[in-house]
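Per-entry structural report
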Amino acid sequence: MKRILDCRASDFLTFNRSDLIGSIRKAEGRTVLAEVIPTVQPLYPEVTNAELARAFGADMILLNMLDVFHPYIKGLESHALFGNVPGETMSDNPIMELKRLVGLPIGVNLEPVDFSEKSEDMYDVKQGRLATREAFARASELGIDFICLTGNPNTGVTNEAIEQAIINARQEFAGVIIAGKMHQAGVGRVLDQEAYVRFAEAGADIILIPAPGTVPGVREDEFYEVTREIQALNKLVVAAIGTSQEGSDEATIRDIALSSKRGGTDIFHIGDAGLSGIATPENIQALSIAIRGRRHTYIRMAASVNR
């Protein structure tokens, strides 16, 4: 892809929405989005999971389970909370510190829980992880580049709630908005063409849909048709591996990646449930090599954030 790392890491303390979308378009289906959980013990305590994902070929980092009102990233030397320490510097904001280290756009999952659908067996979601106007504004203050409106398993997120969250987010957040479900999340259909059109009309920049072979019944031909309809609306598509297959073998990852590429996706997402809050690192690399070859993958892996 036209490397997002072409700028110095310091240039990413702020990030332009149109630049990010433009870079993804120019990549022509060669963008890897790695999801990590920043609040658990990293796979190796000397580095964050985000740094590890970048080292194995990720172009964008998506933080799951992050409380935007109390941001904490294990593996960083500084854990001071942005806004709570008099005289703090930029490094006191863990998001900005992470961006300085990885030199990549950083996003966060926020969950549009439909409380009318909540049941006793569904999980409670912390206020700082809910898709509210206050959380969108806080994400902007933290320097988040993109928001993903989606649902973790059994949280009661519905497509109707996602649609309303997009409308609210567009009023509070200037960055890129991704919207969609990787799996059922406890309620409703997963692959829903009508909902994707509504997401696009509400203001989402990128529509997230499950990659072929991840959710039962999501086939490549149907994925292709849905992708074509979304792209006809001038929106991007991200194919998600969010069903713990990020911890499967490399052959499975390559198969899903190539199926998604034949289906026309713009971005390839790989989830966080492989090891300790991160996909198996070799699977991130296998995904990258499958969609863009060793040349682009090795350059991404080797390039300093200061180049």
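It should be emphasised that the depicted structure is a prediction, and the values quoted were computed from it without experimental measurement.

1. Overview of the confidence of the model for the chain
With 87% of its residues at a pLDDT of 70 or more, the chain shows a mean pLDDT of 89. Here residues 1–12 is a poorly scored stretch, pLDDT under 50, and it has 41 contacts once near neighbours within four places are set aside; other chains count.

2. A look at the side chain of Gln245
Along the polypeptide, Gln245 turns up in the loop between β7 (236–241) and α8 (250–262). Note on Gln245: relative accessible area 19%, which makes it buried. At a separation of 2.5 Å, a polar atom in the side chain of Gln245 contacts the side chain of Thr243. Contact partners of Gln245, with chain neighbours within four places excluded, come to Gly213, Thr214, Ile253, Ile256 and Asn283.

3. Regarding the pairing of strand β1 (residues 31–36)
Residues in a regular strand point their side chains to alternate faces of the sheet. Most of β1 is tucked away: six of the six residues are buried. Burial along β1 is two-sided: Thr31, Leu33 and Glu35 and Val32, Ala34 and Val36, pointing in opposite directions, are all buried. Alignment of β1 against strand β8 (residues 267–270), held across four bridges, turns out to be parallel. Bridge pairing in β8 places Val32 opposite Phe268. With helix α2 (residues 49–55) bridging β1 and its parallel neighbour strand β2 (residues 60–63), the resulting β-α-β unit is right-handed.

4. Let's talk about the sheet that holds β2
Spatial strand order, β1-β2-β3-β4-β5-β6-β7-β8: eight strands in a closed barrel with parallel pairing. Neighbour-to-neighbour, the strand axes of this sheet turn through a mean angle of 25 degrees, independent of strand direction. Here helix α3 (residues 94–102) sits on the sheet and contacts β2 and β3 (106–110); the angle it forms with β3, its principal contact strand, is near 135 degrees.

5. Looking at the pairing of β8
Alternating residues of β8 divide into Ile267 and His269 and Phe268 and Ile270, and every residue in both groups is buried. As judged from the four bridges shared by β7 and β8, these two strands associate in the parallel manner. Looking at the pairing, Ile241 lines up with Ile270 of β8. Regarding the hand of the β-α-β motif, the stretch spanning β7, α8 and β8 is right-handed.

Rules of the game
Residues numbered from 1 in each chain as written. Predicted model: local features only at pLDDT ≥ 70, side-chain atom pairs only at ≥ 80, totals over all residues. Heavy atoms only, no water. pLDDT = per-residue confidence, 0-100. Contact = heavy atoms within 4.5 Å. Helix = DSSP H or I, 4+ residues; strand = E, 2+ residues; numbered from the N terminus. Buried < 20%, exposed > 50% of the residue type's maximum accessible area, 1.4 Å probe, protein only. Polar contact = N/O pair within 3.5 Å; in protein donor to acceptor, adjacent residues only side chain to side chain. Pairing = 2+ DSSP bridges. Right-handed = clockwise from strand over helix to strand, strands pointing away. Axes fitted to C-alpha atoms, helices over the stretch in contact; angles between N-to-C directions.

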